[in-house]
Amino acid sequence: MQNPCVSELLLSSFTLIGLFIPVLGDGGFCSAPSILDQTDASSKPLYWKATNPTLSPSHLQDLPGFTRSVYKRDHALISPESHVFSPLPDWTNTLGAYLISPAMGSHFVMYLAKMQENSRSGLPPDDVERFVFVIQGIVTLTNSSGISDKLMVDSYAYLPPNFEHSLKCDGSATLAVFERRHAYLGNHITELIVGSTDEQPLIETPGEVFELRKLLPASMPYDFNIHIMDFQPGEFLNVKEVHYNQHGLLLLEGQGIYRLGDSWYPVQAGDAIWMAPFVPQWYGALGKTRTRYLLYKDVNRNPL
Ligand SMILES: *[C@@H]1O[C@H](CO)[C@@H](O)[C@H](O)[C@H]1NC(C)=O
């Protein structure tokens, strides 16, 4: 099919007898189709894209064997079309997808828990600490004295090892959950923490433009932290980091390019990333909306 813009342009040029000044006809703007079709994003609930991710473009969706997911020795990208949910052991009415586990080389697990009507969490194994972050819905956290807290989207809780608790949900909720066997240090003990991202102060990041919040105290008892990192479109990490710590990342909003080792991946809300120690890592935010991601990082322990 002939492009109507091209024929119009040719016709206008001919009428100017070879002066070859492109003149557009009435209302004849030759432009690419608008890609400003994300205008509905602002009317959706917070983190809506993380649970309703953009899947592959329609011309790739039925392409046999196509996925953006990658699993390599020192990193993995697990995109939403690869998520496999099955009943979570010890939880009721809850489907889980383990996105990062020690089988990859990590010392922690990161999973999505989709709680359904009348669902309830199980307890982690002995000596395992747990961090939950609510992406969608509302859950009730109850301790063994029956005292409850309601956790909404953007709220989180840290449950110390061997801390009796249950998470309940009447409707539906999606949680990002991190668990690891706690690395005890001397007499230090961790405490129950319940909080919300927007209550956390911004932390100085010398030389960097992104915004950083830490959801757990930076103090010695805690052997990991969860960072919330925000980038406006066009912002990127200045330091091309290579470090001993490992990461589990869940993109909550936005899109961009993640560099892992020598590979450069287009990524977007809903994607999960595993970074082994020392994998070169870098992010640049693109698109029209803020990027926000949740990042596990082990801290405060001698790697020996
Ligand atoms: C449960 O939470 C309440 C309120 O924070 C606290 O007073 C109580 O000691 C907690 N119970 C246990 C067993 O942690």
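Shown above is the structure to which this text applies.
Residues numbered from 1 in each chain as written. Predicted model: local features only at pLDDT ≥ 70, side-chain atom pairs only at ≥ 80, totals over all residues.

Another point: the overall build of the chain. Scanning the chain for helices and strands turns up 3 helices and 20 strands. In the chain, which comprises 304 residues, the proportion classed as buried is 31%. Counting contacts in the chain only where the partners sit at least 6 residues apart, residues at least 24 apart contribute 67% of the total. (Helix = DSSP H or I, 4+ residues; strand = E, 2+ residues; numbered from the N terminus. Buried ≥ 20, exposed ≤ 12 C-beta atoms within 10 Å, placed from the backbone. Contact = placed C-beta atoms within 7 Å.)

Looking now at the site of the ligand. Surveying the vicinity of the ligand reveals the residues N143, S144, S145 and I147. Looking at the shell around the ligand, its residues break down into 1 nonpolar, 3 polar and no charged. (Near = placed C-beta within 6 Å. Nonpolar A, V, L, I, M, F, W, Y, C, P; charged D, E, K, R; others polar.)

Let's shift gears to the sheet that holds strand β16 (residues 255-260). An order of β17-β16-β19 is seen for the 3 strands of this open sheet, with the pairing classed as antiparallel. Every interior strand has two partners, whereas the edge strands, β17 (263-268) and β19 (281-286), have only one. Sheet twist, expressed as the average angle between the axes of neighbouring strands with direction ignored, equals 20°. (Pairing = 2+ DSSP bridges. Axes fitted to C-alpha atoms, helices over the stretch in contact; angles between N-to-C directions.)

In this section: the environment of E164. Residue placement: E164 occurs in the loop between β9 (155-159) and β10 (165-169). Linking E164 and T142, residues 22 residues apart in sequence, is a C-alpha distance of 8.8 Å. Discounting chain neighbours no more than four positions away, the residues touching E164 are L123, N143 and S144.

What follows covers the environment of E199. Position of E199 relative to the elements: it lies in the loop between β12 (193-196) and β13 (211-214). Note: C-alpha distance between E199 and S155 (44 residues apart in sequence) is 9.6 Å.

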